[in-house]
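Working through the structure, step by step
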Amino acid sequence: MGCTMEDRYLQIERIPWTQALAARVESPSIWLRLCLLLLVTILSGCTINGPSQHILMVNGLGNPIDPSPNFFGKHLSSVPFVTYEQMSEAQFTHHLDEMMTALIAQAPDANGKRKALIFVHGGLNAAKDSIARAEKLHGLFKEAGYFPVFVNWESSFPTSYFDHLFNIRQGRRVFNWCCGIHDIPKSVEAVAGALVGTLTMPFYLATDLARGILRAPVVWYALLSKADRASAISQATTAESTKQLRQAGRAQEAASFEHAGAIAIIQGADERRGFERAATVIDDANPLKLLASVIIDAGGTGAWDNMIRRTRTLFQRDADFESSNPPPIPSGSLTRFLDHLKKTIAENGGAASWDITLVGHSMGAIILNEIVRDFPELPVSTIVYLAAACTIRDYHDTIFPYLSTRNRTAQVYHLTLHPEAEVEERSFGSGAPDGSLLVWVDELLSNPSTALDLTAGRFTNLVATSRYTPSEIRERLHIRAFGVGNRLASHPQTHGAFSDEEFWSCESHGTLMEIVSKEPCKR
């Protein structure tokens, strides 16, 4: 489609001051400029035909959003005040009913079971990007024998950081934080919240800037030394994987992940040529990386914390706690969808007649873990973590008891970048610090207390802690780090590549589809 998709997925309820701002636009010249801007944007906008019956779209408050085109048949994201419409209760109920009807009618049957796949994208995704991805991938998943459902949640950096500065205080919306008055007129709440948010914003911004400056030496050391530390850990984890497989008495089979009594651990080859390694060394000397790390540390931490918050409002909204008459069960949009799904399965053959695959990329893994904890009765056969941004502790606390007591047949796959690709990934050309998003999280954006608080999607982190996996579930776990090097075109080389169409399409590489479906691509 050739469009840059910048997120403007902002709801009036979440940013009340836009109403006041819009009311002040009274000058005819301003209106004329806005109309011209809208006309140009309409003519140059992208047309995306999102498969709405396959999309659950949710804003930062956990409220359902209509995934239909938001402006004259197009998906626009660069026009002020053009947002995706929040669904009413009746509209959302109808949308869920339509999704369930389509699921029953269209879910492919394999070996007497209807197959569905739930895909959850990660952080730093604009709303329009997530719809475009669903349009590209839903046909590929259907061809592979699944009815796909895409959970599109609000995770862009601009909206996350804006909420951090203006709208969220200590885990609560700003009005509830400052005043805590229930059931007052929305207009009063909007004005009071906007006033408090604006007055406190400078202090939050100053704190962020001070954090970035004062932590700079610590961050610089972590970033400059990351390659050496990753290389040492990589050697240790490779030895650990070899030890585990020898204990099982089986050779590792890279293609099929076959093993017995042990975790299947595969690390791809380092196929980088001399000039690739030399380019990495030269790139490391770019002084802009040090300056950029200060900016990322300053602004990224607040945005990251707010993205984590949004993974939770998918299940339980702020409104559940702010009303004097809270709902009897959590009312987050994803919780309601999963509850409908559970009932649909029960009414159409029961768990024995269904097969569900869960796929989560990056922060989507955090959401997958919550799904498993809150709805363990779903008939899940496969869980796929794509460069998971959840912590190892979250993964252990969720998956270990789930596989041991609630689901004794499900298989779990961890697909990661090669350790060297992880630490050498470049963003924004070469102006940003090297490393994937997971490296940034471990070194910049989070504050791990122990090794178990590092991200689970880095091969070095995951394998180093895999020795504590209960013996009875080991042979149902699979860990694969892809190879690194330009010659390995079929292997993801960047964190974002796990969502790229080329690694899912059998007409291209199809690498990820082969692993998820457990079937070789037919070429």
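Please read all numbers here as calculations on a predicted model, not as lab measurements.

**Re the side chain of S160**
Relative to the assigned elements, S160 resides in helix α5 (residues 157–167). A polar side-chain atom of S160 sits 2.7 Å from the main-chain carbonyl oxygen of S156. The residues contacting S160, other than those within four sequence positions of it, are S155, A303, N306, M307 and R310.

**Some details on empty space enclosed by the protein**
Evaluated as defined, the whole model comprises four cavities of 30 Å³ or more. Quantified by volume, the largest cavity comes out at close to 60 Å³. Lining of the largest cavity is provided by M99, M100, L103, A116, I118, V149, F337, L341 and I356. Every element with two or more residues in the lining of the largest cavity is listed here: α3 (89–106), β4 (113–120) and α13 (333–347).

**What about helix α7 (residues 186–214)?**
Helix length check: α7, at 29 residues, gives a terminal C-alpha distance of 40 Å against a target of 42 Å (1.5 Å per residue), a fit within 8%. At T200, α7 shows its maximal bend, which comes to roughly 35 degrees, and the proline P202 appears one to four places after that position. For α7, the full list of buried residues reads E189, A190, G193, A194, V196, G197, T200, M201, D208 and G212.

**Here we look at the nonpolar core**
The biggest cluster of nonpolar side chains holds 110 residues, and the ones touching the most others in it are I118, L334, F337, L338, I383, Y395 and W504. Aside from chain neighbours lying at most four places away, what touches I383 is L358, L368, V372, I399, Y402, Q411, V412 and Y413.

**Quick notes on a nonpolar patch on the surface**
A surface patch of nonpolar side chains, amounting to about 320 Å² of accessible area, comprises L288, L291 and I295. Of note, I295 is situated in helix α11 (residues 288–313). Exposure remark for I295: the relative accessible area of 56% places this residue in the exposed category.

**Comments concerning the pairing of strand β9 (residues 354–361)**
Counting buried positions along β9 gives eight out of eight residues, so the element sits mostly inside the fold. Side-chain alternation along β9 places W354, I356, L358 and G360 on one buried face and D355, T357, V359 and H361 on a second face that is also buried. Judged from the seven bridges that link them, β4 and β9 form a sheet pairing that is parallel. Within the sheet, the bridge partner assigned to F119 lies in β9 and is V359. Where β9 and strand β10 (residues 380–386) come together, six bridges link them in parallel fashion. Across the sheet, the residue bridging to H361 is L386, located in β10.

**Re the packing of helix α14 (residues 364–374) against helix α15 (residues 392–406)**
Working note: a packed helix pair is described by the angle between its axes plus the distance between those axes. The interhelical angle for the contact between α14 and α15, taken along N-to-C directions, is 35 degrees, at an axis separation of 10 Å. Relative to α15, the crossing made by α14 is left-handed. Here I366, N369, V372 and R373 of α14 lie close against α15, whose contacting residues are D394, Y395, T398, I399 and Y402.

**Observations concerning the pairing of strand β12 (residues 477–481)**
Of all five residues making up β12, five are buried, and the element is well covered by its neighbours. Alternating residues of β12 divide into L477, I479 and A481 and H478 and R480, and every residue in both groups is buried. Where strand β8 (residues 264–267) and β12 come together, four bridges link them in parallel fashion. Across the sheet, the residue bridging to I265 is I479, located in β12. The pairing of strand β11 (residues 411–416) with β12 spans five bridges and is parallel. Bridge assignment links L415 to a residue of β12, and that residue is R480.

**Observations concerning the pattern of salt bridges**
Inspection of the entire model under this criterion finds 18 salt bridges. One salt bridge connects D163 with R310, and the closest N-O pair in it is separated by 2.9 Å. Linking D163 in helix α5 with R310 in helix α11, this pair joins segments that are 147 residues apart in sequence. Both residues of the pair, D163 and R310, belong to the buried class.

**A short note on the packing of aromatic side chains**
On inspection of all chains with the given rule, the structure shows 10 aromatic pairs. Seen from their ring centres, F119 and W504 are 6.3 Å apart, and the 80 degrees between their planes marks the pair as edge-to-face. Linking F119 in strand β4 with W504 in the loop between β12 and α19 (511–517), this pair joins segments that are 385 residues apart in sequence.

**So, the state of the cysteines**
Enumeration according to the criterion identifies one disulfide in this entry. In this model, C506 is linked to C521 through a disulfide, with the two sulfur atoms separated by 1.9 Å. Disulfide C506-C521: torsion about the S-S bond near -65 degrees, hence left-handed. Separated by 15 residues along the polypeptide, C506 in the loop between β12 and α19 and C521 in the segment after α19 bring together distant segments of the chain. Residue C521 is classed as buried on the basis of its relative accessible area, which comes to 11%.

**Examining α15**
Between the first and last C-alpha of α15 there are 20 Å, a value that for 15 residues agrees with the 21 Å anticipated at 1.5 Å per step. Turning to α15, its buried residues are I392, D394, Y395, H396, T398, I399, F400, Y402, L403 and S404. On the buried face of α15, the contacting elements are α14, β10, β11, α18 (459–464) and β12.

How each quantity is defined
- Residues numbered from 1 in each chain as written.
- Predicted model: local features only at pLDDT ≥ 70, side-chain atom pairs only at ≥ 80, totals over all residues.
- Heavy atoms only, no water.
- Helix = DSSP H or I, 4+ residues; strand = E, 2+ residues; numbered from the N terminus.
- Polar contact = N/O pair within 3.5 Å; in protein donor to acceptor, adjacent residues only side chain to side chain.
- Contact = heavy atoms within 4.5 Å.
- 1 Å grid on protein atoms, 1.4 Å probe; cavity = no way out; pocket = protein on both sides within 12 Å on 5 of 7 lines; lining within 4 Å.
- Points joined across faces, edges and corners; volume = space filled by probe spheres on them.
- Expected span 1.5 Å × (residues − 1).
- Bend = angle between axes of the 7 residues up to and from the residue.
- Buried < 20%, exposed > 50% of the residue type's maximum accessible area, 1.4 Å probe, protein only.
- Core = buried A, V, L, I, M, F, W, Y, C linked by side-chain atoms within 4.5 Å.
- Patch = residues over 30% accessible without salt bridge, like charges linked within 9 Å, V, L, I, M, F, W, Y side chains within 5 Å.
- Areas by Shrake-Rupley, 256 points an atom, 1.4 Å probe, with all protein chains shown as cover.
- Salt bridge = Lys/Arg side-chain N within 4 Å of Asp/Glu carboxyl O.
- Pairing = 2+ DSSP bridges.
- Axes fitted to C-alpha atoms, helices over the stretch in contact; angles between N-to-C directions.
- Left-handed = near helix turned anticlockwise from the far one by under 90°.
- Phe/Tyr/Trp six-rings, centres within 6.5 Å; stacked < 30°, edge-to-face > 60°.
- Disulfide = S-S within 2.5 Å.

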